[in-house]
Amino acid sequence: MQLESVQGASDALAAQGYLADRQLAMAVHLAAVLEQPLLLEGEAGVGKTEVARALAAATGARLIRLQCHEGIDLHHAVYDWDYARQLLALRAAEGGVDEGELFSRRFLLRRPLLDAVEADPELPVVLLIDEIDRADDEFEAFLLEFLSDFAVTIPELGTIAARRRPIVLLTSNRTRELHDALKRRCLYHWIDYPSPERERQIVAARLPGVPEEIATRVVAAVARLREHGDLYKLPGVGETIVWARALLALGDEASLEETLGVALKVHEDVLRVLERGVLEGV
Amino acid sequence: MVRRLSDLTAVLRAQGTRVGVGELLGAVRCLREVDCSSREEVRLALRTVLCSARADLERFELAFTAVYGDERAGLERDDPLAQLGQIERAVMPRVGIADPRGGDAAPDAEAVPAAWSEVELLREKDFARYTDDEMALARELIARLARRHPTRLSRRTRATRRRAEVPDLRRTVHASLRTGGEPLHRRWREPTRRPRQLVLVCDVSGSMAPYARMLMQYMHASVAARRRVEAFAFGTRLTRITQELAGRDHDHALERAAAAVTDFSGGTRIGAAIAELNRAHGRRIGRGAVIVILSDGWDRGDPEQLDAEMARLRRAAHRLVWLNPLAAHPDYQPLARGMQAAVPHTDRLLAGNSLASLEQLASIMEEM
């Protein structure tokens, strides 16, 4: 498979339009060969989620995504019973349903983690657990157990174990520190903002046919904003790409300062950049 | 024996430990199994039965001493407590109950606050005038205060007996199995409460030096007591000290924090510090936190910057509280430039110069 070398991983991602630096390619390669989950951290908009998407496309795997949110629990992540249908079945049978039948697969709602565990071993799976920092400690503790044996237990049905370990990516925005035990179980990679050179390549890869001068201009402007150091929220790679698209759509009358709202989403930041003429000469 | 035991449970309940009839029966049973002439055995046995959380242990020790007497009472005093002066001893927790052997009525819950009133002297004393011994004594009280924290409603729910907003379909289905498939008994779930994120930002510049030690103790106790707390210190620049303050060992934690903060007792640039907080740690603070700034507002930085940064911080926070030791003075007016810029953006301005004012902070946070 392509992921068996660092270069292979790098090429596979590049073929999907994701330009990874060597450390990231190394991390992905290791995650695949060691069958260990990979924890990706980084500022918003540096393309953490995108890694999973590109990886799944590159390996022909199915991408299963679990978006974490506040208050997420087992029934959001693993399975739930379809209670509405159970009640209907109960009433239709006028009580003549036994419990075993009621808690059978017919009424089981499969959530992402159960999906990943039950996946066909012939078809690889990339499991993305997105924004794990939004979940709470209890869910993190459950996840720790899940990631170590890739099995889930449903009291009414028994334990179901994965026949093939998926590649697992976790992302975190660092709104809180994750538990050490979870970190220890994972490989770790910090995704930084790309260098201007690489960011230009990313724009070119993601927007085929964008003129060289627009890509250069946008990348230079974004670099200025990130260097400025006095902004609340810095633009990510996602913003760079959208900005390039905006300039492309506007054609000749495009001005960076007029389209600043594409890159900066905090009012004070926009004012500051305009006042101080940060983008002058770009 | 049973009477003493019920005295003990009464004291425990008055302190807030949950002791039910089950625990009481368990205690009676376990006392049958141990040598009741040994004070130590009784203590350890009761401790096992009556405590169910780490926080209970300490309360149990106090209650046990109150009811069964202090074993050191008659012994030679070479312990450090004996060397303390009168005021210091006043702070030692005491529980005011009738002589348990007198056997009148069980002590009522009212007795406890009355006993605490002996602490009044130290409670109101300004931190700047504390002696080292007093600081050591106040530590326990501060740790107690630090355990009181703001909460918020969570999106997690739990089963409830009351009629609530969210139907509990799982339990309703199970219940309907008992009524022939007819969902006669509906079940409900209600949201749980979670600790709200708390961010403590302490000024350690020269003018705050008399208070910084006690306030750092409070920060350490807060970080040690629970998760979802972030601690920062600033003088001319901001340092995150959450990780340094973590861990139960009090002295080590404070040493580590002091080593991390390079600008102790220097100048102050509050605006720059808050700016750093907004930018470098904006995600960590997140939205909906209670932010407590501990500073006297003597600022050598740019008031305009402070104004703008406070406005930003206020928008991201749930509540913004400013503790200013100078505000303890009855005639205090926020005249310092820094305070003038900051006050319009704060929800509450408290003193934070004594145990009493930290207690006030704790009560305010619990209401948030």
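Residues numbered from 1 in each chain as written. Chains lettered and ligands numbered in written order. Predicted model: local features only at pLDDT ≥ 70, side-chain atom pairs only at ≥ 80, totals over all residues.

Student: Please explain the overall build of chain B as it appears in this structure.
Tutor: The helix and strand inventory of chain B stands at 17 helices and nine strands. Sorting the 368 residues of chain B into buried and exposed places 34% on the buried side. Restricting to contacts in chain B with at least 6 residues of sequence separation, those with at least 24 account for 74%. (Helix = DSSP H or I, 4+ residues; strand = E, 2+ residues; numbered from the N terminus. Buried ≥ 20, exposed ≤ 12 C-beta atoms within 10 Å, placed from the backbone. Contact = placed C-beta atoms within 7 Å.)

Student: What should I look at first to understand the overall build of chain A in this one?
Tutor: Scanning chain A from terminus to terminus reveals 13 helices and nine strands. Expressed as lengths along the three principal axes of its C-alpha atoms, the size of chain A is roughly 80 × 45 × 35 Å. In chain A, which comprises 282 residues, the proportion classed as buried is 32%. The contacts of chain A with a sequence gap of at least 6 include a subset with a gap of at least 24, amounting to 73%.

Student: I'm lost on the interface of chain A and chain B in this one. Help?
Tutor: By convention, interface size is frequently given as the accessible area that disappears when the constituent parts associate. Listed by partner, the interface residues are 20 residues for chain A and 19 residues for chain B. By residue number, the principal contributor to the side of chain A that touches chain B is helix 5 (residues 83-92) of chain A, which donates five residues.

Student: In this structure, what is going on with the environment of Phe-103 of chain A? I would like to understand it.
Tutor: Residues and elements named next belong to chain A. If you trace the backbone, Phe-103 turns up in the loop between helix 6 (99-102) and strand 4 (108-110). For Phe-103, a count of 18 C-beta atoms within 10 Å gives the class partly exposed. Taking the C-alpha atoms as reference points, Phe-103 and Arg-62, separated by 41 residues in sequence, lie 28 Å from one another. Excluding its chain neighbours within four sequence positions, the residues that come into contact with Phe-103 are Trp-81 and Glu-156.

Student: Teacher, can you tell me more about the nonpolar core here?
Tutor: For soluble globular proteins, nonpolar side chains are generally found buried alongside one another. Membership of the largest hydrophobic core comes to 71 residues, with the highest contact counts inside it found for Leu-13, Val-28, Leu-38, Leu-55, Val-126, Leu-169 and Val-218 of chain A. Beyond its immediate stretch of four places on either side in the chain, Val-126 of chain A contacts Ala-52, Leu-55, Ala-56, Ala-61, Leu-63, Pro-166, Ile-167 and Leu-169 of chain A. With 66 residues, the next largest nonpolar core counts Leu-198, Val-229, Ile-270 and Ile-274 of chain B among its residues. (Core = buried A, V, L, I, M, F, W, Y, C linked by C-beta atoms within 7 Å.)

Student: What exactly am I supposed to notice about the sheet that holds strand 6 (residues 238-240) of chain B here?
Tutor: Adjacent strands of a sheet pair through backbone hydrogen bonds, lying either parallel or antiparallel. Residues and elements named next belong to chain B. The six strands lie next to each other as 6-5-4-7-8-9, forming an open sheet whose pairing is mixed. Both outer strands of the open sheet, strand 6 and strand 9 (348-350), are each paired with one neighbouring strand and no more. Pairwise comparison of adjacent strand axes, ignoring direction, gives a mean angle of 20° for this sheet. For strand 8 (residues 317-323) and strand 9, the ladder comprises three bridges, and the chain directions are parallel. Each bridged residue has a counterpart across the sheet, and for Leu-323 the counterpart in strand 9 is Leu-350. Against the sheet, helix 13 (residues 270-280) touches strand 4 (198-203), strand 5 (229-234) and strand 6, its axis set at about 40° to strand 6. (Pairing = 2+ DSSP bridges. Axes fitted to C-alpha atoms, helices over the stretch in contact; angles between N-to-C directions.)

Student: Looking at this structure, I do not really get the sheet that holds strand 3 (residues 188-195) of chain B. What am I missing?
Tutor: All names here are of chain B. A sheet is described by the order of its strands in space; here three strands give the open sequence 1-3-2, paired in antiparallel fashion. Every other strand in the sheet has two partners, leaving strand 1 (151-160) and strand 2 (166-167) as the edge strands with one partner each. When strand 2 meets strand 3, the two strands line up antiparallel, connected through two bridges. Counterpart to Pro-167 in the pairing with strand 3 is Trp-188.

Student: What should I look at first to understand the packing of helix 2 (residues 21-33) of chain B against helix 3 (residues 39-50) of chain B in this one?
Tutor: Helix-helix packing: each pair is described by the crossing angle between the helix axes and the interaxial distance. Residues and elements named next belong to chain B. Two numbers describe how helix 2 lies on helix 3: the axes approach to 9 Å, and their chain directions differ by 150°. Regarding the angle of helix 2 to helix 3, the classification is roughly antiparallel. When the axes of helix 2 and helix 3 are compared, the crossing they make is right-handed. Counted together, Glu-23, Gly-26, Ala-27, Cys-30 and Leu-31 of helix 2 and Val-42, Ala-45, Leu-46, Val-49 and Leu-50 of helix 3 form the full contact between these two elements. Across the contact of helix 2 with helix 3, the residue classes break down as eight nonpolar, one polar and one charged. (Parallel < 35°, antiparallel > 145°, perpendicular 65-115°, else oblique. Left-handed = near helix turned anticlockwise from the far one by under 90°. Nonpolar A, V, L, I, M, F, W, Y, C, P; charged D, E, K, R; others polar.)

Student: When you look at the domain arrangement of chain A in this model, what are you seeing that I'm missing?
Tutor: Residue and element names in this part refer to chain A. When the domains of chain A are assigned, the result is domain 1 (2-74 + 110-191) and domain 2 (196-276). Domain 1 and domain 2 are separated by 30 Å when their C-alpha centres are compared. In this assembly, seven residues from domain 1 lie in contact with ten residues from domain 2. When grouped by side-chain class, the residues that make up the side of domain 1 that touches domain 2 number three nonpolar, three polar and one charged. (Domains from an automatic or database assignment.)

Student: Whenever I open this one, unusual backbone geometry confuses me. Can you help?
Tutor: The phi torsion of most residues other than glycine is negative, and most of the peptide bonds are trans. If you check the backbone angles, Glu-35 of chain A has positive phi at about 55° while not being a glycine. Among the secondary structure elements, Glu-35 of chain A is positioned in the loop between helix 2 (22-34) and strand 1 (38-42).

Student: Even after reading the chapter, I still don't get the pairing of strand 5 (residues 125-130) of chain A, so can you show me in this structure?
Tutor: Put simply, side chains in a regular strand alternate between the two faces of the sheet. Residue and element names in this part refer to chain A. Taking burial as the measure, the six residues of strand 5 include five buried ones, the bulk of the element. Relative to strand 5, strand 2 (residues 62-67) runs parallel, the two sharing six bridges. Of the residues in strand 5, the one forming a bridge with Leu-63 is Val-126. Summarising the sheet, strand 5 and strand 8 (residues 167-172) pair through four bridges and their orientation is parallel. Bridge assignment links Leu-128 to a residue of strand 8, and that residue is Leu-169.

Student: Where do I start with the pairing of strand 3 of chain B in this structure?
Tutor: Across seven bridges, the pairing between strand 1 of chain B and strand 3 of chain B is antiparallel. Following the sheet pairing, Thr-151 of chain B is matched in strand 3 of chain B by Pro-195 of chain B.

Student: What should I look at first to understand the packing of helix 13 of chain B against helix 15 (residues 303-316) of chain B in this one?
Tutor: All names here are of chain B. At a minimum axis separation of 8 Å, helix 13 and helix 15 run at an interaxial angle of 35°. With respect to the hand of their crossing, helix 13 and helix 15 are arranged in left-handed fashion. For the pair formed by helix 13 and helix 15, the contact residues are Ile-270, Gly-271, Ala-272, Ile-274, Ala-275, Leu-277 and Asn-278 on the first element and Gln-305, Leu-306, Glu-309, Met-310, Arg-312 and Leu-313 on the second.

Student: How should helix 10 (residues 196-206) of chain A be read in this particular structure?
Tutor: In an α-helix, one turn spans 3.6 residues, which is why side chains three or four residues apart end up on the same side. Residues and elements named next belong to chain A. What helix 10 keeps buried is the set Glu-199, Ile-202 and Val-203. Within helix 10, the buried residues cover an arc of 100° as seen down the axis, which keeps them to one side. Residues of helix 10 that are buried make contact with helix 11 (212-228) and helix 12 (237-250). (Arc of directions from axis to C-beta.)

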